[in-house]
Amino acid sequence: EVALQRDNGRNWKQEYITLRNKINGPTSMAPPSFFLACARLVLKHATTVDAVRIATNCLELNIDDVQMLRCVGYFLLSTGENSAVDLAVQVFDKVQDLQPCEPQSYLDGALVRFWKAHKSILKRQNDEENNGRDVICNFEELGSDIRKCQQLLSHVLTHQWADRFTEVEWPALILLHCVADLVKDLNDDNISNMDGLGPSSLPPEWPISDLAPFQSFADAPTPETSTSTTQTNTQEQGLLLRCNKFDLALMVWLGWDTDKTDIDLHVKEPSGNEVYYSNRNSDIGGNLSRDFTQGYGPEVYMLKDVGDKEKAGTYHIYAKYFASHQDSLLTGATSAVLWTLEKKRCGKNKKSIEFHNIRLDMHKEKKEVGTIHLVTWPCWLAKPPQKTFCAFGKEKRD
């Protein structure tokens, strides 16, 4: 870090190579924790391209360690670069292959595709505003990402998991509704009709066929029931999971990369009321998911949008690193991942989705990891302050 800060960081690469060669042995390579630590410093002080290049050394070690791969994937996402996000998709797909018995493997794959789709749509809208004309978008890739996202979430919902993952279906169902809103917004804005591709380029809002396992055996075809009746029952079973009035003002999603770990999500609402595992419901409609003390979480705070003025104001987000029973020698401290979804009141972009990666190394420490100022009235009436997030000990502003 000293080399990065000295002389405008002109000689940091030589210092990095010297340290790497010193750690490398005749028959061994530097551990992933070395590359990840260096990549974080380079991302903070130098260029994203160099940070990604250093972090991907971990992948070249050919170590099939799930926590290490998750840690690398989360770091790649934290850079925000499109090529790094594409690589993160491949990393999380590898995690699914290595650990198919953990729902987090599928949730991570769904989250990264959801964010990738959102970024693609946002970039297209921004390019159109800047250029004053329609911009060609790869709707085939966009539709593929959304469809895969639906499949992964449906897998979480339709499979039975170990007891320590009980109620993990709740966050998956919330995210599936967010994906449905994304498709609905695309169709409402006629984006899918541009470039001559038509609405068939996108999957349906709700993946009824993927949720078919919810159909009871009583609905199976019999000589007395027709095929059309069976198909109708299947659709009804799939739609039973959908909330037609789902409309979030705010969602906060906290997960982590270390198994058998307990990290608690705390959200302090504008009134000062703090929502956490012992106070899961608030007077303004805030709700917190189950307290996961094993596994990878996630813990999710959601606030429904009904336009109440009481919901306007600043929300402080905290992560309390309660305990870990499986520290990793490969990656070091536990990496917490924070996803936030905020409803916007103006502009083409109806929602703001952010990803942040936070290192936690102090047990029982309660750390503020972000603030969001929520506006529940048209934006021309007030200009909110900027959001702030803590990422790797550095304040990050949008």
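The rules behind the values
Residues numbered from 1 in each chain as written. Predicted model: local features only at pLDDT ≥ 70, side-chain atom pairs only at ≥ 80, totals over all residues. Heavy atoms only, no water. Helix = DSSP H or I, 4+ residues; strand = E, 2+ residues; numbered from the N terminus. Buried < 20%, exposed > 50% of the residue type's maximum accessible area, 1.4 Å probe, protein only. Contact = heavy atoms within 4.5 Å. Areas by Shrake-Rupley, 256 points an atom, 1.4 Å probe, with all protein chains shown as cover. Expected span 1.5 Å × (residues − 1). Phe/Tyr/Trp six-rings, centres within 6.5 Å; stacked < 30°, edge-to-face > 60°. Lys NZ or Arg CZ within 6 Å of the ring centre and 35° of its normal. Pairing = 2+ DSSP bridges. Axes fitted to C-alpha atoms, helices over the stretch in contact; angles between N-to-C directions. pLDDT = per-residue confidence, 0-100.

Draft legend 1. Representation of the overall build of the protein in the model. Within the protein, the secondary structure is distributed over eleven helices and eleven strands. Taking all 398 residues of the protein together, 49% fall into the buried category. At a minimum sequence separation of 6, the contacts of the protein that also span at least 24 residues come to 69%. In the form shown here, the protein has an accessible surface area of approximately 18,800 Å², with 50% of it arising from carbon and sulfur atoms.

Draft legend 2. Molecular detail of helix α6 (residues 66-79). For α6, spanning 14 residues, the distance from its first C-alpha to its last is 20 Å, which sits close to the expected 20 Å at 1.5 Å a residue. By the criterion of burial, α6 is predominantly enclosed, with 14 of the 14 residues buried. Of the residues flanking the end of α6, it is G80, one or two places downstream, whose phi is positive at about 80°.

Draft legend 3. Structural detail: the packing of aromatic side chains. For the structure shown, the criterion picks out eight aromatic pairs. On the numbers, 5.5 Å between centres and 45° between planes, the contact of Y74 with F92 is tilted. With Y74 in helix α6 and F92 in helix α7 (residues 82-98), this residue pair connects regions lying 18 residues apart in the sequence. Residue class for Y74 comes out buried when judged on its relative accessible area of 1%. When the ring centre of Y296 is taken as reference, the NZ or CZ atom of R70 above it lies at 4.1 Å. Just above the ring of Y318 sits the side chain of K366; from NZ or CZ to the centre is 4.9 Å.

Draft legend 4. Highlighting the side chain of D50. Note that D50 resides in helix α4 (residues 48-55). Given the relative accessible area of 11%, D50 is considered buried. Setting aside residues up to four positions removed in sequence, D50 forms contacts with W12, K13 and V42.

Draft legend 5. Examining the pairing of strand β8 (residues 351-360) more closely. Along β8, ten of the ten residues are buried, which leaves the element largely enclosed by surrounding structure. What you see with β8 is no split at all: K351, I353, F355, N357 and R359 on one side and S352, E354, H356, I358 and L360 on the other are buried throughout.

Draft legend 6. View of the environment of P100. Secondary-structure assignment places P100 in the loop between α7 and α8 (103-131). Not counting residues up to four positions away in its chain, the partners in contact with P100 are Y106 and W161.

Draft legend 7. View of the sheet that holds strand β7 (residues 334-343). Across the sheet, which stays open at both edges, the five strands sit in the order β4-β5-β1-β7-β8 with antiparallel pairing between neighbours. Edge positions in the sheet fall to β4 (286-288) and β8, since each of these pairs with one other strand and no more. Here the strands of the sheet are splayed against their neighbours by 10° on average, with no regard to which way each runs. Pairing geometry for strand β1 (residues 248-256) and β7, over seven bridges, is antiparallel. When the sheet's bridge partners are listed, G255 is paired in β7 with V337.

Draft legend 8. Layout of the confidence of the model for the protein. Averaged over every residue, the pLDDT of the protein is 81; the share at 70 or more is 74%. For the protein, the element scoring lowest by mean pLDDT is strand β11 (residues 394-397), at 43; strand β3 (residues 274-275) scores highest, at 96. A low-confidence stretch, residues 192-198 stays under pLDDT 50, and its non-local contacts, those more than four residues away or across chains, total 21 contacts. Taken together, the stretch residues 216-220 has pLDDT below 50 and engages in six contacts with residues farther than four places along the chain or on a different chain.

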